[in-house]
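One-letter residues, chain by chain:
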Amino acid sequence: MRNDNLKSYLNLHLIVFIWGFTAILGALITIQSDFLVWYRMCFAAIFLAGFIVLKKKSFTVTPKVLIKFLFVGLLIALHWIFFFEAIKISTVSITLSVFSLGAFFASLLEPLFYGRKVLWYEVFFGLIIIAGLGLIMQVEINYWNGMILALVSILLGVLFTLMNGKLIVNHDPSVISFYEFLAGFIFISIYFLFKGSFTAEFFTLSAKNWILILILASICTAYAFTASVKVMRQLSPYTVMLTTNLEPVYGIVLAFFIIGGKEKMSTEFYIGAIVIVITVLLNGIIKHYRKED
């Protein structure tokens, strides 16, 4: 069991690194946020459908479970729309730094979802994450709107992570992800139909945007999201959310090298990043030896 936990924990770090790159793609793709999420969920659902057929898995789920998938899919769609919009009106650094609050929210909400007591060290680590976040963030009034959108995004992210933590017990990760992405795609499509967004211009993208969207939908979504759901069979939603706090570290470092000056990091970032990394490692060690996952 411990080896399975450790393997899942290491795999989770690879997933979080990929998610860090997702933010870079969101900044580089030059279409508006809701359009971007529509394309992302559309292609991700297609890729997963092909995978499920190839592996000869069943698409069959009960109506009750399907309703749950649909609801979570809506949460995911809104989470991503707010996430990419926060990046576009602020920076990758600001948006990903706010995501560090996810662990604190998860430490408070997970006991309600799973009927267990609040663990003191989870709340403690969550508070340390907030302290690290305070060091990372250069709070500028010009980025206030971006920070609010990022906060809404991470709250939605915690909710669907907790819900997927329950769904994974009885359902295949790829099937869960397929229906959730399909649901998000359908909800956004309905919204676009009422807005009249489906124009010739909507489907006219540059070659660069097409390539980046396909990378985003395949590696950063179909693979990474499904794998993240799968590791929840070994790791708790709180541990997943806490490890996700490395996403700002990975994402901001990548942004510095790929995007450049706008994402230049301060001394406070390095200090805050070290605080977050140490906190994540300590949580992993405690979870590993206490066998609470």
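What comes next is a walk through the structure.

Conventions and cut-offs
Residues numbered from 1 in each chain as written. Predicted model: local features only at pLDDT ≥ 70, side-chain atom pairs only at ≥ 80, totals over all residues. Heavy atoms only, no water. Salt bridge = Lys/Arg side-chain N within 4 Å of Asp/Glu carboxyl O. Helix = DSSP H or I, 4+ residues; strand = E, 2+ residues; numbered from the N terminus. Buried < 20%, exposed > 50% of the residue type's maximum accessible area, 1.4 Å probe, protein only. Phe/Tyr/Trp six-rings, centres within 6.5 Å; stacked < 30°, edge-to-face > 60°. Contact = heavy atoms within 4.5 Å. Expected span 1.5 Å × (residues − 1).

1. Points about the pattern of salt bridges
- Per the counting criterion, the structure on display carries 1 salt bridge.
- With a shortest N-O distance of 3.1 Å, Asp172 and Lys57 are connected by a salt bridge. Placement of Asp172 in the loop between helix H7 (144-167) and helix H8 (173-195) and of Lys57 in the loop between helix H2 (33-54) and helix H3 (63-89) is noted, with a sequence separation of 115 residues between them.
- Since its relative accessible area comes to 26%, Asp172 is described here as partly exposed.

2. A closer look at the packing of aromatic side chains
- Per the stated rule, a full pass over the model turns up 27 aromatic pairs.
- Ring centres of Trp38 and Phe185 lie 5.2 Å apart, and the angle between their planes is 45°; this geometry places the pair in the tilted category. Taken together, the positions of Trp38 in helix H2 and Phe185 in helix H8 put the pair 147 residues apart, joining distant regions of the chain.
- Ring plane angle 15° and centroid distance 5.3 Å describe the contact between Tyr39 and Phe202, whose orientation is recorded as stacked. Of this pair, Tyr39 sits in helix H2 while Phe202 sits in the loop between H8 and helix H9 (207-231); the two residues are 163 residues apart in sequence, bridging distant segments of the chain.

3. Overview of the environment of Ala45
- Examined against the element boundaries, Ala45 turns out to sit in helix H2.
- Considering only alpha carbons, one finds Ala45 and Ser218, 173 residues apart in sequence, at a separation of 9.4 Å.
- Contacts of Ala45, omitting those with residues within four sequence positions, involve Phe178, Phe181 and Leu182.

4. A few points about helix H11 (residues 246-258)
- The end-to-end C-alpha distance of H11 is 18 Å, a good match for the 18 Å that 13 residues give at a rise of 1.5 Å each.
- Leu246, Glu247, Pro248, Val249, Gly251, Ile252, Leu254 and Ala255 are the residues of H11 that are buried.

By themselves, these figures tell us nothing about what the structure is for.
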